[in-house]
Amino acid sequence: MHASKSILSSSAPPERVGVDLSDLETLRRILRMALLHKRGMAVALATVVVAAVFQLTIPRFLGSAVDSAQGLIGAGENAVARGALWQTAALLLAASLLRGLFTMWHNYQGEAVGQRIAYDLRMAYYAKLQQLSFGFHDSVHTGELITRGMLDIEGVRTVVNAGFMRLVLILVLLGAGAFLLLRQDALLGLVALSFVPFAGWRSVVARLRLRASWLALQEKLGVLTRVMEENLSGIRVVRAFAAQPFELAKFEEVSRHTLALADRRIDIRVRNAVAMTYAFFIAMGLVLWIGGTKVLDGSMSVGTLTEYLAFMAILQMPVRQLGMTVNAFARASMCGARLFEVLDREPAIADRPGAADLEIGDAVVRFENVSFSYSGAPPGDRPAPVTLHDVDFEVRAGRTLGIVGPPGSGKSTIAHLIPRYYDVDSGRVTIDGQDVRDVTLRSLRRAVSVVQQDTFLFTASIENNVAYGDPWAEPAGITHSSEVARLHDYIAGLPAGYGTLVGERGVSLSGGQRQRLSIARSVLLGAHVLVFDDSTAAVDAATERAIREALRAETTDRATIIIAHRLGSLMHADEIIFLEAGRIVERGSHDALLALGGRYADLFALQSLDGETPTADGTPEHRS
Ligand code: ADP
């Protein structure tokens with residue numbers, strides 16, 4: 001899909017600097033979003049026009065003031081001339097004040113509408129990120145999604161004021177200004193306006209170049225963010241391997257590129273500012289020369305010449321800023337396109353129309369000839385390798401299935417297919433005869449709880465972390481599930497008990513404690529299908545056995561699947577399947593598999609040698 005490519009291929013140079021038709025469509029969409037805020041937009045437009053009109057009256061008043069002053073000088077103490085001067089000065093002051101007031105007002109309104117659009121987009125974007133499937137999140141780097149989300153929304157926000165409103169202002173000022181100047185004296189008008197095309201062109205070119213370098217800069221900043229994010233989240237690995245110099249060198253290289261880009265931007269900006277200033281002063285010099293001659297031969301008043309010069313000064317700013325306006329549009333169209341690309345994306349995993357809630361009876365989980373591949377690769381590329389081949393098994397309430405196999409054999413993938421994190425390529429996954437693709441995701445994910453090896457803790461109290469899936473849980477339920485997970489005694493011993501803050505800024509839990517917290521979280525949910533995905537790997541064998549005993553009482557009406565490396569964790573299961581390269585190569589009870597003398601028996605013998613079998617119960621917990 002074309003749309004998926006641009007966000008996925010973050011390294012592609014973002015060279016699109018012109019304004020093409022798809023850009024215009026994006027801008028139309030942003031304008032439609034802005035027009036949803038009818039009142040705000042109406043006030044902003046009205047105030048921008050009024051501000052422009054007041055600004056256009058200023059040169060006329062200035063001209064009159066100069067002529068009145070000249071009249072005063074010529075006629076000595078003339079009360080009429082003095083009165084006219086005072087009156088013009090008062091009008092000039094009033095026009096300037098009103099212009100300032102309306103400028104402030106339209107800026108405020110434009111900004112307010114921009115902020116509202118940003119809010120709408122932010123909420124829609126965040127909501128979409130919650131819905132998009134794991135397949136999407138697998139293919140996009142998290143840091144990139146965050147950086148782009150923030151910057152792109154900013155790019156769209158600013159277009160209301162710096163784009164749409166400014167364009168209206170420029171059109172009114174330039175249109176009406178040119179009309180007034182050319183009407184009075186066509187030649188002088190043309191000379192006065194001569195700097196406009198050149199300065200406007202330079203401004204636009206400079207801005208488009210700046211935009212291209214800005215995009216390159218953003219890419220570099222994205223890389224910097226990613227390097228920093230990885231460094232911070234992997235800080236223990238970095239320190240443990242004394243890799244600080246390597247990390248610094250990596251960061252410095254990208255930093256140096258960023259600096260070079262920043263230098264280039266300064267260069268473009270300064271060169272063009274100088275060119276535009278020259279163009280303006282040359283035009284002004286010409287107006288003074290031609291106009292001055294006319295004043296000398298009496299065909300033009302000094303006031304009229306002043307009017308021309310004042311008009312030029314007024315037009316100078318918007319013309320110099322024309323590039324900024326074009327840039328605001330170009331930036332918004334690109335940022336908007338990237339945002340809409342995510343917003344328009346249909347989640348690959350979603351409820352089918354008319355999907356019913358899952359009805360649970362005996363909680364029979366069945367895999368029927370399931371084959372699956374992670375199809376993250378874009379179409380046309382090499383097909384993704386098949387991760388699971390014709391996997392078949394069944395487990396029901398009160399029974400336990402064990403899954404064992406070498407790393408990468410597809411064990412976790414099986415765990416991901418039951419709650420439909422991904423959809424199977426062929427075959428079916430059913431619960432009580434209902435295909436998981438035919439039931440609502442909400443009911444399915446309430447019925448299936450997967451306890452992962454990597455536990456994520458939110459920066460919140462232990463209590464809130466345990467109750468994450470059920471915010472209405474009673475304290476008694478939280479305590480009970482923590483007891484089942486053999487974590488209650490530890491929590492009770494903490495000074496703040498269940499109120500203790502954990503997560504990035506809270507107390508640091510050991511790997512085993514985190515896993516037990518995760519088990520408590522799942523037990524509390526009371527799901528009918530419990531999947532433990534290597535979720536006791538960091539728990540010592542004795543504690544693991546105690547948890548298993550406690551869980552047995554809990555799981556009589558639940559189907560349990562245990563994925564483990566340590567055979568002691570699953571040898572009690574009713575059926576064990578041995579997975580290799582995505583295929584079930586052996587299956588049966590522990591005793592049957594030992595009797596078979598195959599891979600399972602080999603692994604058991606190996607782990608017995610290493611002291612990892614259930615008789616060893618003092619494996620120390622690892623801090624993580
Ligand atoms: P196990 O749990 O047995 O260690 P997994 O089920 O995690 O194995 O992985 C099986 C295979 O699928 C591995 O080759 C792994 O690289 C690949 N894989 C796992 N997760 C993803 C993913 N999100 N995207 C693409 N490939 C994946």
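About the criteria used
Residues numbered from 1 in each chain as written. Predicted model: local features only at pLDDT ≥ 70, side-chain atom pairs only at ≥ 80, totals over all residues. Heavy atoms only, no water. Helix = DSSP H or I, 4+ residues; strand = E, 2+ residues; numbered from the N terminus. Rg over C-alpha atoms; globule rule 2.2 N^0.38 Å. Buried < 20%, exposed > 50% of the residue type's maximum accessible area, 1.4 Å probe, protein only. Contact = heavy atoms within 4.5 Å. Areas by Shrake-Rupley, 256 points an atom, 1.4 Å probe, with all protein chains shown as cover. Lys, Arg positive; Asp, Glu negative; His and termini not counted. Charge placed at Lys NZ, Arg CZ, Asp CG, Glu CD. Core = buried A, V, L, I, M, F, W, Y, C linked by side-chain atoms within 4.5 Å. Domains from an automatic or database assignment. Buried area = accessible area lost by both parts, 1.4 Å probe. Salt bridge = Lys/Arg side-chain N within 4 Å of Asp/Glu carboxyl O. Phe/Tyr/Trp six-rings, centres within 6.5 Å; stacked < 30°, edge-to-face > 60°. Lys NZ or Arg CZ within 6 Å of the ring centre and 35° of its normal. pLDDT = per-residue confidence, 0-100. Pairing = 2+ DSSP bridges. Near = heavy atom within 4 Å. Polar contact = N/O pair within 3.5 Å; in protein donor to acceptor, adjacent residues only side chain to side chain. Nonpolar A, V, L, I, M, F, W, Y, C, P; charged D, E, K, R; others polar. Axes fitted to C-alpha atoms, helices over the stretch in contact; angles between N-to-C directions. Parallel < 35°, antiparallel > 145°, perpendicular 65-115°, else oblique. Left-handed = near helix turned anticlockwise from the far one by under 90°.

Asks: I'd like a description of the overall build of the protein, backed by residues and values.
Replies: Counting its secondary structure elements, the protein contains 22 helices and 12 strands. By the compact-globule yardstick of 25 Å for 624 residues, the protein is too spread out, its C-alpha radius of gyration being 36 Å. C-alpha extents for the protein along the principal axes are approximately 120 × 55 × 50 Å. When each of the 624 residues of the protein is scored for burial, the buried share is 47%. Taking the intrachain contacts of the protein between residues at least 6 apart in sequence as the baseline, contacts between residues at least 24 apart amount to 79%. Total accessible area on the protein is roughly 30,800 Å²; 61% of this is exposed by carbon and sulfur atoms. Taken as two groups, the 62 positive and 64 negative side-chain charges of the protein have centres that lie 10 Å from each other.

Asks: Any details on the nonpolar core? Residues and values, ideally.
Replies: The biggest cluster of nonpolar side chains holds 37 residues, and the ones touching the most others in it are Ile462, Leu570 and Tyr600. Within the residue set of this core, elements represented by two or more residues are helix H16 (462-466), helix H17 (475-484), helix H19 (511-525), strand E9 (529-533), helix H20 (541-554), strand E11 (575-580) and helix H22 (599-609). Looking at which element gives the most residues to this core, the answer is H19, with five residues. If near-sequence neighbours (up to four positions away) are discounted, Ile462 is found in contact with Ile491, Leu494, Gly497, Tyr498, Thr500, Val502 and Leu517. Ranked by size, the runner-up nonpolar core spans 34 residues in total, among them Val395, Val436, Leu444 and Ile563.

Asks: Which residues make up the domain arrangement of the protein, and what values do they have?
Replies: Domain parsing of the protein yields domain 1 (18-343) and domain 2 (365-374 + 385-610). Relative placement of domain 1 and domain 2: their C-alpha centres are 57 Å apart. Each partner contributes residues to the interface: domain 1 has four residues there, and domain 2 has four residues. Counting each side, the surface lost to burial between domain 1 and domain 2 is near 300 Å², with a carbon and sulfur contribution of 55%. Where domain 1 meets domain 2, there are zero salt bridges.

Asks: I'd like to hear about the pattern of salt bridges, residue by residue, with values.
Replies: Two side chains that carry opposite charge are able to pair once their charged atoms sit near each other. Taken as a whole and judged by the stated rule, the model has 20 salt bridges. Measuring nitrogen to oxygen at the nearest pair gives 2.9 Å for the salt bridge that ties Asp344 to Arg29. In this pair, Asp344 is assigned in the loop between helix H13 (322-343) and strand E1 (365-373) and Arg29 in helix H2 (residues 21-35), connecting sequence segments 315 residues apart. Note on Asp344: relative accessible area 43%, which makes it partly exposed. Of the residues examined, Arg29 reaches a relative accessible area of 29% and is grouped as partly exposed. Linking Asp185 and Lys294 is a salt bridge whose minimum nitrogen-to-oxygen distance equals 2.9 Å. Linking Asp185 in the loop between helix H7 (159-184) and helix H8 (186-193) with Lys294 in helix H11 (residues 244-296), this pair joins segments that are 109 residues apart in sequence. Linked by salt bridges that have partners in common, Asp362, Arg366, Glu394 and Arg396 make up one network.

Asks: A description of the packing of aromatic side chains should follow, citing residues and the corresponding values.
Replies: The relative placement of two aromatic rings is captured by the distance of their centres and the angle of their planes. Summed over the entire model, instances satisfying the criterion amount to 14 aromatic pairs. Relative to Phe281, the ring of Phe280 lies with its centre 5.3 Å away and its plane at 65°, an arrangement referred to as edge-to-face. The exposure class assigned to Phe280 is buried, which follows from its relative accessible area of 4%. Between Phe458 and Tyr468, the ring centres sit 4.3 Å apart and the planes meet at 20°, which makes this aromatic pair stacked. Residue Phe458 is found in the loop between strand E6 (448-451) and strand E7 (460-461), and its partner Tyr468 is found in the loop between H16 and H17; the two are separated by 10 residues along the sequence. For Phe458, a relative accessible area of 30% puts it in the partly exposed group. Tyr468 gets classed as partly exposed once you look at its relative accessible area, which sits at 48%. Feature note: the residues Phe134, Phe372, Tyr374, Tyr421 and Tyr422 constitute an aromatic cluster, connected by ring pairs. Here Arg29 stacks its cationic end above the ring of Phe340, 3.9 Å away from the centre of that ring. We note Arg202 situated over the ring of Trp201; from NZ or CZ to the ring centre the distance is 4.8 Å.

Asks: I'd like to hear about the confidence of the model for the protein, residue by residue, with values.
Replies: Confidence in the prediction for the protein averages 85 pLDDT; 91% of positions are at 70 or higher. The low-confidence segment residues 1-17, where pLDDT is below 50, has 28 contacts with residues more than four positions distant or belonging to other chains. Note on residues 614-624: pLDDT is under 50 here. Beyond four places in sequence and across chains, it has 32 contacts.

Asks: Any chance you could break down the sheet that holds E1 for me, citing the residues and the numbers?
Replies: Backbone hydrogen bonds are what pair the strands of a sheet, in a parallel or an antiparallel way. Pairing in this open sheet of four strands is antiparallel, and the strands run E2-E1-E4-E5 from one edge to the other. Both edges of this open sheet fall to strand E2 (386-395) and strand E5 (434-435), since each of them pairs with a single strand only. In terms of strand pairing, strand E4 (residues 426-431) meets E5 through two bridges, oriented antiparallel. When the sheet's bridge partners are listed, Ile431 is paired in E5 with Gln434.

Asks: A description of the site of the ligand should follow, citing residues and the corresponding values.
Replies: Every residue near the ligand is listed here: Asp138, Tyr374, Thr387, Pro406, Pro407, Gly408, Ser409, Gly410, Lys411, Ser412, Thr413 and Tyr422. Here Asp138 contributes a side-chain N or O atom positioned 2.8 Å from a nitrogen atom of the ligand. Take Gly408: an N or O atom from its main chain is 2.7 Å from an oxygen atom of the ligand. Looking at side-chain class alone, the shell around the ligand contains four nonpolar, six polar and two charged residues.

Asks: Break down the packing of H7 against helix H12 (residues 302-320) for me, with residues and values.
Replies: Here H7 crosses H12 at 155°, and the two axes come no closer than 10 Å. Classified by the interaxial angle, the pair formed by H7 and H12 is roughly antiparallel. H7 and H12 meet at a crossing whose hand is left-handed. Between H7 and H12, the residues in contact are Arg166, Ile170, Leu173, Leu174, Gly177, Leu180, Leu181 and Gln184 and Thr304, Glu307, Tyr308, Phe311, Leu315, Pro318 and Val319, respectively.

Asks: Give me the sheet that holds E6: which residues, what numbers.
Replies: As summarised here, the arrangement of the six strands in space is E6-E9-E10-E3-E11-E12, forming an open sheet in which the pairing is mixed. A single partner strand is all that each edge strand has here, and the edge strands are E6 and strand E12 (583-588). Averaged over all pairs of adjacent strands, the angle between their axes in this sheet comes to 15°, without regard to strand direction. Relative to E12, E11 runs antiparallel, the two being bridged by five bridges. Bridge pairing in E12 places Leu579 opposite Ile584.

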